[in-house]
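Next come the chains, spelled out residue by residue.
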Amino acid sequence: MSLLALSYLKLGQHDESDKLCNEALTLIETKVGKEHILYAQGLKVLGDLRQEQGDYSKALDAYEKVIQVSVIWHDSKHLGVGDTFNAVGNACFKKGDFKEAEESFTEALRIKRLWLDDDNVSIYTTLNNLGHTHYKNKDLDQALKSYTESLYLQMKRLSGRQYDQLMGPDLLSTTREVIAEIQIIQRKDDEMKDFSSAVGNLAATLRNIALVHQDKADLDMALEVYNLTLAARKAQPIRDNPAIAGTAETIGMLQFKKGNHDAAMSAFHEALEVKKEYQGNNTIDVARTLNNLANMHFSKGSLEEAMTMYLEALEIKRLCLGNDSEDVANTLNNIAHVMFTTGREEESLKAYGEVLRIRQSRQGNDCLAVGVTLGNMADVYIKQGNLAMARTCLEQSLQIRKTRQSSNHIENARVAESLALVHGKLGEWSKAEEALQEALQSRKLHPGSSESNILDAMNRITFVKGQIEASGRSEEVSSDVNVPKGQIFEI
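To start, this report covers the structure provided alongside it.

How each quantity is defined
- Residues numbered from 1 in each chain as written.
- Predicted model: local features only at pLDDT ≥ 70, side-chain atom pairs only at ≥ 80, totals over all residues.
- Heavy atoms only, no water.
- Helix = DSSP H or I, 4+ residues; strand = E, 2+ residues; numbered from the N terminus.
- Contact = heavy atoms within 4.5 Å.
- Axes fitted to C-alpha atoms, helices over the stretch in contact; angles between N-to-C directions.
- Parallel < 35°, antiparallel > 145°, perpendicular 65-115°, else oblique.
- Left-handed = near helix turned anticlockwise from the far one by under 90°.
- Nonpolar A, V, L, I, M, F, W, Y, C, P; charged D, E, K, R; others polar.
- Expected span 1.5 Å × (residues − 1).
- Buried < 20%, exposed > 50% of the residue type's maximum accessible area, 1.4 Å probe, protein only.
- Phe/Tyr/Trp six-rings, centres within 6.5 Å; stacked < 30°, edge-to-face > 60°.
- Lys NZ or Arg CZ within 6 Å of the ring centre and 35° of its normal.

1. A few points about the environment of Leu-223
- Summarising the element assignment, Leu-223 is placed in helix α11 (residues 219–235).
- The spacing of Leu-223 and Leu-211 is twelve residues in sequence and 9.6 Å in space, taken between C-alpha atoms.
- Setting aside residues no more than four positions away along its own chain, Leu-223 makes contact with Ile-251, Leu-254, Gln-255 and Lys-258.

Quick look at the structure:
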């Protein structure tokens, strides 16, 4: 009955599994008692079920009793005890108790190595789990060590050859050799699924290694390993298209971060082609990759190509999400920026106005995204010479930022300085001084401000004070344009 409950669990039929498991435990308790190994085996299934249901505390209670009974019937080094410690590690990891997970996986690995060959799936899987817990515990060196050991054992299993524990360039060259071998290994049809899964596990471990290097800010090594990850994904006999596309996109992001725009664009194009192959042309995932490609073109100064891809992404997002989604607003924001850069101010304002409408309706009038959009609109108005409207947008943007961001946020200082510039152009020198004093305080509080930044801010205030004195009075000189206050401007 416990085995039947386990079968239902593997099929995802939790209610049926729960019912059978409890019936089995009641029967076993009646016949042989709770201290019998059969009861422990049923309790292990119940623990696995509770873990699947997300009740990790009850799962851990069950596993603790399983270990107690198993040690009595066998000993503390029994393989079944090791399997249960592995289950404890998984439950602790999902619960967020990474230190406890690390201890449990370490004990599981110690016991398994007493019984199993090093290239056994259970050994390298537990090493990967250990790597995950080290990573969560911010111990990147230990995470790298566990992942790398797992990688070598997987390569041994796939190629049948023994490898020394190497790092750096030797690791890369060895892995390339194994991936090249994988691509020419012939497998029978009935072996293909398991073989493809093993290659997929190898690729997943490579990705983990790359992620550690990325977190250690070693982008060159991260890119090397991500490229090996991509090669391993492509070597899988049964293609995992989502994983191929995701890896290519990650490579694109890192190449962009390093300033290698051509390499980034090539990677994003590969991701786009794969996504269109298995998803079709009109999915959100395709739209987001188009958006990334458009960003590449924009950064290279290819504004027409950028606009074409932004518009294509916008069309797909509207088709999939409707006209009022945040994703639509984000792409419209990019389009508005391209229009502003190319001198199409009226079209840019129209696009920013639509962004503003969506963000106000979805997030409220005083959300930070609305404040940012108002600042973008102010830039357009300044370029047009419409200083009164620029002033309104900047005043509202600054008010929102002061509410939503800390007083030492550098963007508060920058918006206040832009507002001071507009006040100055309108002859509102007292208000210009007030805004600059506010900017100065933000810069003084900001930990990244240099002495030259603060000195520049003080020099601006000195200049404005000179303008006030030169005008012969300190009161504000009003603008001829009457702009309504007290509400967020909408187009």
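Anyway, onward from the coordinates.
2. Some words on the packing of helix α12 (residues 241–257) against helix α14 (residues 284–299)
- Viewed as axis vectors pointing N to C, α12 and α14 meet at an angle of 20 degrees, and their least axial separation amounts to 12 Å. Considered as vectors, α12 and α14 are oriented roughly parallel to each other. In this structure, the crossing between α12 and α14 has a hand that is left-handed. Contacts from Glu-249, Met-253 and Phe-256 of α12 reach α14 at Thr-289, Asn-292, Met-296 and Ser-299.
- Residues that form the contact of α12 with α14 fall into these classes: three nonpolar, three polar and one charged.

3. Concerning helix α18 (residues 368–384)
- When the terminal C-alpha atoms of α18 are compared, their 25 Å separation across 17 residues agrees well with the 24 Å that a helix rising 1.5 Å per residue should span.
- Taken together, the buried positions of α18 are occupied by Ala-369, Val-370, Gly-371, Thr-373, Leu-374, Gly-375, Asn-376, Met-377, Ala-378, Val-380 and Tyr-381.
- In this structure, the buried side of α18 is in contact with α16 (326–341), α17 (345–363) and α19 (387–404).
- Gly-385 occupies a position one or two residues after α18 and carries a positive phi of about 85 degrees.

4. Things to note about the packing of aromatic side chains
- By the definition in use, this model includes two aromatic pairs.
- Plain terms: the ring middles of Phe-93 and Phe-98 are 5.2 Å apart, the flat faces sit at 65 degrees to each other, and that makes the pair edge-to-face.
- With a centroid separation of 6.3 Å and 80 degrees between ring planes, the pair formed by Trp-429 and Phe-463 is classed as edge-to-face. In this pair, Trp-429 is assigned in helix α21 (residues 429–445) and Phe-463 in helix α22 (residues 451–471), connecting sequence segments 34 residues apart.
- Sitting over the face of the ring of Phe-340, Lys-383 holds its NZ or CZ atom 4.8 Å from the ring centroid.

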